[in-house]
Amino acid sequence: MALTREQMAQRVAQELKDGFYVNLGIGIPTLVANYVPEGIDVMLQSENGLLGMGRFPTEDEVDPDMINAGKQTVTARPGAAIFNSAESFAMIRGGHVDLTVLGAFEVDQEGNIASWMVPGKLIKGMGGAMDLVAGAENIICTMTHASKHGESKLLEKCTLPLTGAGCINRVLTDLAYLEIENGAFVLKERAPGVSVEEIVEKTAGKLIVPDHVPEMTFD
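Owing to the predicted nature of the structure, the values given are computational and were not obtained by experimental measurement.

1. Observations regarding the overall build of the chain
Point 1. For the chain, the helix and strand inventory stands at four helices and 13 strands.
Point 2. In terms of overall size, the chain behaves like a compact globule, its C-alpha atoms giving a radius of gyration of 17 Å where 219 residues would be expected to give roughly 17 Å.
Point 3. In terms of overall dimensions, the chain has C-alpha extents of about 45 × 40 × 30 Å along its principal axes.
Point 4. Expressed as a percentage of the 219 residues in the chain, the buried residues total 49%.
Point 5. Residue pairs at least 24 apart in sequence account for 61% of intrachain contacts in the chain once pairs closer than 6 positions are excluded.
Point 6. Accessible surface, the chain: about 11000 Å² in total, of which carbon and sulfur atoms supply 51%.
Point 7. Counting 17 positive and 30 negative side-chain charges, the chain places the averaged centre of each group 4 Å from the other.

Here it is, written out as structure tokens:
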């Protein structure tokens, strides 16, 4: 079975380390805030100017003025700071974010990412994605492995306009966790119940498959 959006967020949350400053992009990445492991302290950053983002609010906690970059209402944890977007982007561009979690339309075997536009389709704008991929060295890209038409999103070469070049080294899809090394995707883990054969079939880029590929585990 392919991972749900919530399971993808849970798997990404396993990569959080104590003391990390983490930027969560729009979409699946925002759900990571709900799954920060017990016993570790991380500061989640929203590029619109909130450092110390908490989980999504209950109905009683909703504050329409407290939103993330995707215009969703959020909470702030104790110790949070609110500042303008110029300071937020100075933090991003200055390399002060330990982990960035982004969505994407396509990623290729050279670590290129296309995430901000599809020619001919209406878009809201590129947001902070270009700054994030330029200013961060530790990036996890979350996406579905294939389109709704079954076409691979893990490619030999991106076909859409690039957000960044040679900047992605880890990809989590609904089928697998992969790392990009030396111009190839390396299969590290597979979703529970998903076969290696299905992942191979749905990966258009060069894929290296180790002898043993463990299933992901969730607490």
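2. Concerning unusual backbone geometry
Point 1. For Asn182, which is not glycine, the phi torsion reads 50° and is therefore positive.
Point 2. In this fold, Asn182 is placed in the loop between strand E11 (176-180) and strand E12 (185-190).

3. A closer look at the packing of aromatic side chains
Point 1. All told, the structure shown has zero aromatic pairs when counted by the stated rule.
Point 2. Over the ring of Tyr177 we find Arg11; its NZ or CZ atom is 4.7 Å from the centre of that ring.

4. Description of the pattern of salt bridges
Point 1. Tallied over the full model, the rule gives eight salt bridges.
Point 2. As a salt-bridge pair, Glu15 and Arg170 come within 2.7 Å of each other at their nearest N and O atoms. Of this pair, Glu15 sits in the loop between helix H1 (5-13) and strand E1 (21-24) while Arg170 sits in strand E10 (residues 170-173), and the two are 155 residues apart along the sequence.
Point 3. Looking at Glu15, the relative accessible area reads 15%, which means it is buried.

5. Concerning the nonpolar core
Point 1. Membership of the largest hydrophobic core comes to 58 residues, with the highest contact counts inside it found for Val107, Ile113 and Ile168.
Point 2. Setting aside chain neighbours within four positions, we find Ile168 in contact with Val107, Gly111, Ile113, Ile139, Cys141 and Ile180.

6. Focus on the sheet that holds strand E6 (residues 106-108)
Point 1. Ordered by their spatial adjacency, three strands build an open sheet running E7-E6-E9, and the pairing between neighbours is mixed. Bordering the open sheet on either side are strand E7 (113-114) and strand E9 (154-155), each of which pairs with just one other strand.
Point 2. With two bridges connecting them, E6 and E9 associate as parallel partners. Across the sheet, Val107 pairs through a bridge with Leu154, a residue of E9.

Quick notes on the rules
Residues numbered from 1 in each chain as written. Predicted model: local features only at pLDDT ≥ 70, side-chain atom pairs only at ≥ 80, totals over all residues. Heavy atoms only, no water. Helix = DSSP H or I, 4+ residues; strand = E, 2+ residues; numbered from the N terminus. Rg over C-alpha atoms; globule rule 2.2 N^0.38 Å. Buried < 20%, exposed > 50% of the residue type's maximum accessible area, 1.4 Å probe, protein only. Contact = heavy atoms within 4.5 Å. Areas by Shrake-Rupley, 256 points an atom, 1.4 Å probe, with all protein chains shown as cover. Lys, Arg positive; Asp, Glu negative; His and termini not counted. Charge placed at Lys NZ, Arg CZ, Asp CG, Glu CD. Phe/Tyr/Trp six-rings, centres within 6.5 Å; stacked < 30°, edge-to-face > 60°. Lys NZ or Arg CZ within 6 Å of the ring centre and 35° of its normal. Salt bridge = Lys/Arg side-chain N within 4 Å of Asp/Glu carboxyl O. Core = buried A, V, L, I, M, F, W, Y, C linked by side-chain atoms within 4.5 Å. Pairing = 2+ DSSP bridges.

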